Amino acid sequence: MEELLQKIELYKQEIEAYKAADAESAEEFRIKYLGTKGLVKSIMGEMKQVPGDRKKEFGQILNDFKQFAENKYELLKTASDGGTTEVKNLKDYSLPGDQLPLGSRHPLSLVRNRIVSIFQRLGFSVAEGPEIEDDWHNFTALNLPENHPARDMQDTFYINQKPDWLLRTHTSSVQVREMEKGQLPIRIICPGRVYRNETISARAHCFFHQVEGLYIDENVSFADLKQTVYFFVQEMFGKEVRVRFRPSYFPFTEPSAEMDISCTICGGDGCQLCKHSGWVEILGCGMVHPQLLENCGINSNKYTGFAFGMGVERITQIKYNVNDLRMYSQNDVRFLKQFTAGI
Ligand code: PHE
C-alpha cells in the first residue's frame, strides 16, 4: 500500500513535468497515462492489493490521481493547439459570469429612511441624541415627575451604577435637548432606537425604533399637525388611505390624539392586522404642553407647537404585513432579501 502511494507520487511528478510541443506529444501523453493500457488504469488494477479497511481512502486517492492526469491532458491539448490556452482554459467566454449575491438594507432602515425623507420634504431636519439618557430629558422635563403614573406606561431599564441614568424609552428626550438650545423655530424629526422592559414576543420587544417629530413656532395649530401627519400617511401608504384621530393622553401634549389609518391589508373590511376593526393605529400626537415649553425655557405665551411619535417596526409591519416582530432581529436572509426594491 505504501509502495503504491509512492508510485502515485512519482507519476504525479512526472505528469507535472510533462511538456508537449504539439498535438502528437499530447496524444502520446494520453496513451501513456490515460489509455486502456495506460498507467492510471494499471494503478487502478492494483486496488485488489489494498486491505479492505483502506479501500475507501485509497479509492479517493486514485480518483484524484486520475483527475490530475486528465487535467494535465486538457492543458497539453490546448497548449499544442495554436496558443489559445488561456481562452480555452476559461472554457466559454460567452457564458454569463458568476452572480455575486448583493446585500441590502434592513427593512427597518429602508422604512426609517422613507419616513425621514417624507418629513424632510416638509422642511423637517434630523436631530439625534444619546441612547443612555438622564431622568430629566427622558421624563421630568416631559412632565412626568417622579411617581407619575404615566411612567408605568414605559417600563424602563435603569442603570444600576447611576440611578439617574436609563436607556431612553422614547426619542422625545431628543426633542427636549433641542428645545433647551433655545433656537426657534424648531422643526425636527428624531429617529432612533428606544428601549422598554418588555418580555419578547411576536408583538413586543425590549427595544424598537421610533421617529418622533416636533414643530414649534408662533401660531402653530392643531390643523397644522393634522395636515402634516395626513401628508405623511398619504406619501407612505397611498392617497386612498383614510385617517381618523382618537382623543388620547400623553403627559407632554395637550390635547393629545392617536391617529389610525384605514387598514391597508383589507381596505377596512376587517382582517387579522386590524383585528377586524378596519383601522390600525399608527402614531401618537398632540399639541406640546405649555408646561413643557416652560421647562425648556421657551415662552409658552408666544410659542406653540405640535409633536408626534411613531414606531418604525409598526409602520413596516403595516406596510409589508409582517406579522411577527421577532423577524426583524433574527437575521434570516430569506426574510431580509424580500425588501431590496420598491422603496
Ligand atoms: N413619546 C411617545 C411614546 O413614546 C410618542 C409621542 C410623541 C406621543 C409625541 C405624542 C407626541 O409613546
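A. Quick look at the site of the ligand. Among the 14 residues in the neighbourhood of the ligand, the closest are listed as His-170, Ser-172, Arg-196, Gln-210 and Glu-212. His-170 places a polar side-chain atom, nitrogen or oxygen, 3.0 Å from a nitrogen atom of the ligand. Here a nitrogen atom of the ligand sits 3.1 Å away from a polar atom, N or O, in the side chain of Ser-172. Here the ligand, which alone exposes 320 Å², has 92% of that area covered by the protein. The set of elements that each furnish at least two residues to the shell around the ligand consists of strand 6 (207–217), strand 9 (279–288) and strand 10 (304–311). With three residues, the single largest contributor to the shell around the ligand is strand 10. In terms of residue class, the shell around the ligand is made up of five nonpolar, seven polar and two charged.

B. Here's a closer look at helix 11 (residues 312–320). Within helix 11, burial applies to Val-312, Glu-313, Ile-315, Thr-316, Gln-317 and Ile-318. Of the residues trailing helix 11, Asn-321 is marked for its positive phi of about 55 degrees.

C. Here's a closer look at the pattern of salt bridges. In total, this model carries 17 salt bridges according to the counting rule given. As a salt-bridge pair, Asp-332 and Arg-334 come within 2.7 Å of each other at their nearest N and O atoms.

D. Region of the structure containing helix 2 (residues 23–34). In this model, helix 2 (twelve residues) spans 15 Å end to end at C-alpha, consistent with the 16 Å of a helix rising 1.5 Å per residue. Three or more residues of helix 2 are buried, namely Ser-25, Ala-26, Phe-29 and Tyr-33. What you see down the axis of helix 2 is that its buried residues fit within an arc of 105 degrees, all on one side. Seen from the buried face of helix 2, the exposed residues on the opposite side, beyond 90 degrees, are Ala-23, Glu-24 and Ile-31.

E. Highlighting the environment of Lys-7. Assignment of secondary structure puts Lys-7 in helix 1 (residues 2–17). Among the residues examined, Lys-7 registers a relative accessible area of 32% and is labelled partly exposed. Considering only alpha carbons, one finds Lys-7 and Gly-103, 96 residues apart in sequence, at a separation of 49 Å. With residues up to four places along the chain from it excluded, the contact list for Lys-7 reads Ile-43 and Glu-46.

Reading the values: the criteria
Residues numbered from 1 in each chain as written. Predicted model: local features only at pLDDT ≥ 70, side-chain atom pairs only at ≥ 80, totals over all residues. Heavy atoms only, no water. Near = heavy atom within 4 Å. Polar contact = N/O pair within 3.5 Å; in protein donor to acceptor, adjacent residues only side chain to side chain. Areas by Shrake-Rupley, 256 points an atom, 1.4 Å probe, with all protein chains shown as cover. Helix = DSSP H or I, 4+ residues; strand = E, 2+ residues; numbered from the N terminus. Nonpolar A, V, L, I, M, F, W, Y, C, P; charged D, E, K, R; others polar. Buried < 20%, exposed > 50% of the residue type's maximum accessible area, 1.4 Å probe, protein only. Salt bridge = Lys/Arg side-chain N within 4 Å of Asp/Glu carboxyl O. Expected span 1.5 Å × (residues − 1). Arc of directions from axis to C-beta. Contact = heavy atoms within 4.5 Å.

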